[in-house]
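Here is how the chains run, residue by residue.
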Amino acid sequence: RGDATLGTFVEHIRFEGFDFAHASGSALVFRASRHCQITKSTVRDTGYNGINLYEDTHRFRVAGNDITRVGHVGVHMFGAPFDHSRNSHHVITNNHIWNYGVVHKDMGAIGIDGGEHTVISHNLIHDSPRWAVWMNSGNDNVIEYNHMHHNNLETQDTGAIHTYTNMSGWDLHMDVETNK
């Protein structure tokens, strides 16, 4: 955890070949972090999210990981409703994410909440209670070449890729932008 207001960021950390398992909350949480990587690792058996990339987190690479049996979301990027640039330029690629949403069934494998310039590509996502990828507000994100199947096994009101804007404060922001 860094502190963006002080200009102190966690930077250039690389986790490769780890087994992150048995967390009561999320396995990995990053705030005010830049240019870090989680590659060729396993994230499993968590009570909440697998990997969280929170506000003021930029240019992360999450690649080649197995993420399974997480309580909520596999990889969650969370920015700010009025400033999408506070979470940006991530690459989430070549991950195998399955059996997520074990406890909380309301989200997907990979999610962007108010971020920008993120690429989600070449992931294998399957066997889930809800959607595979979702985006709740954000700009210039790319979702491409993912293989998604056997999603929405416990719900029926979404697709494999789901976009929306409905979080507290987010909908107000969108009303202001669209009513100029």
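Residues numbered from 1 in each chain as written. Predicted model: local features only at pLDDT ≥ 70, side-chain atom pairs only at ≥ 80, totals over all residues. Heavy atoms only, no water.

1. Digging into the overall build of the protein chain
Stage number 1. Per the secondary structure count, the protein chain includes one helix and 22 strands.
Stage number 2. For the protein chain, whose C-alpha radius of gyration is 15 Å, the value lies close to the compact-globule estimate of 16 Å for 180 residues.
Stage number 3. C-alpha extents for the protein chain along the principal axes are approximately 45 × 40 × 30 Å.
Stage number 4. Every one of the 180 residues in the protein chain was classed for burial, and the buried ones make up 47%. (Helix = DSSP H or I, 4+ residues; strand = E, 2+ residues; numbered from the N terminus. Rg over C-alpha atoms; globule rule 2.2 N^0.38 Å. Buried < 20%, exposed > 50% of the residue type's maximum accessible area, 1.4 Å probe, protein only.)

2. Remarks on the nonpolar core
Stage number 1. In this structure, Ile-51, Met-77, Ile-110 and Ile-125 are the most contacted members of the largest nonpolar core, which totals 25 residues.
Stage number 2. Of all elements in the fold, only strand E4 (28–30), strand E8 (51–53), strand E11 (66–70), strand E12 (75–78), strand E16 (110–116) and strand E19 (133–139) reach the threshold of two or more residues within this core.
Stage number 3. In this view, Ile-110 contacts Val-75, Met-77, Ile-92, Ile-97, Ile-120, Asn-123, Ile-125, Ala-132, Val-133 and Trp-134; residues no more than four positions away in its chain are not counted.
Stage number 4. Within the second largest apolar cluster, five residues are counted, among which are Val-73, Met-107, Trp-131 and Tyr-164. (Core = buried A, V, L, I, M, F, W, Y, C linked by side-chain atoms within 4.5 Å. Contact = heavy atoms within 4.5 Å.)

3. Overview of the sheet that holds strand E14 (residues 91–93)
Stage number 1. On the basis of which strands lie adjacent, the open sheet formed by six strands has the order E2-E6-E10-E14-E17-E20 and parallel pairing. What marks the edges here is a single partner per strand, and that holds for strand E2 (14–16) and strand E20 (142–144). Strand-to-strand twist of the sheet, defined as the mean angle between neighbouring strand axes without regard to direction, takes the value 5°.
Stage number 2. Pairing between E2 and strand E6 (residues 37–39): three bridges, direction parallel. Bridging across to E6, Phe-15 finds its partner in Ile-38. (Pairing = 2+ DSSP bridges. Axes fitted to C-alpha atoms, helices over the stretch in contact; angles between N-to-C directions.)

4. As for the pattern of salt bridges
Stage number 1. A full pass over the atoms with the stated rule returns eight salt bridges.
Stage number 2. Among the salt bridges present, the one from Glu-16 reaches Arg-14, with a minimum N-O distance of 2.2 Å.
Stage number 3. Asp-45 is the salt-bridge partner of Arg-44, the closest N and O atoms lying 3.0 Å from each other.
Stage number 4. Here the salt bridges do not stand alone but share partners, grouping Asp-19, Arg-44, Asp-45 and Arg-69 into one network. (Salt bridge = Lys/Arg side-chain N within 4 Å of Asp/Glu carboxyl O.)

5. Digging into the side chain of Ser-33
Stage number 1. By the element assignment, Ser-33 lies in strand E5 (residues 33–34).
Stage number 2. In this structure Ser-33 comes out as buried when scored by relative accessible area, which is 0%.
Stage number 3. Of note is the side chain of Ser-33, whose polar atom sits 3.0 Å from the backbone oxygen of Arg-31.
Stage number 4. When residues no more than four places from it in sequence are discounted, the contact partners of Ser-33 are Phe-9, Val-10, Asp-56, Thr-57, His-58 and Phe-60. (Polar contact = N/O pair within 3.5 Å; in protein donor to acceptor, adjacent residues only side chain to side chain.)

6. Some thoughts on the side chain of Asn-49
Stage number 1. Mapped onto the elements of the fold, Asn-49 is located in the loop between strand E7 (42–46) and E8.
Stage number 2. Under the relative-accessibility criterion, Asn-49 is labelled buried at 0%.
Stage number 3. Beyond its immediate chain neighbours, meaning those up to four positions away, Asn-49 contacts Gly-25, Ser-26, Ala-27, Tyr-54, His-72, Val-73 and His-76.

Geometric values such as these leave the question of function open.
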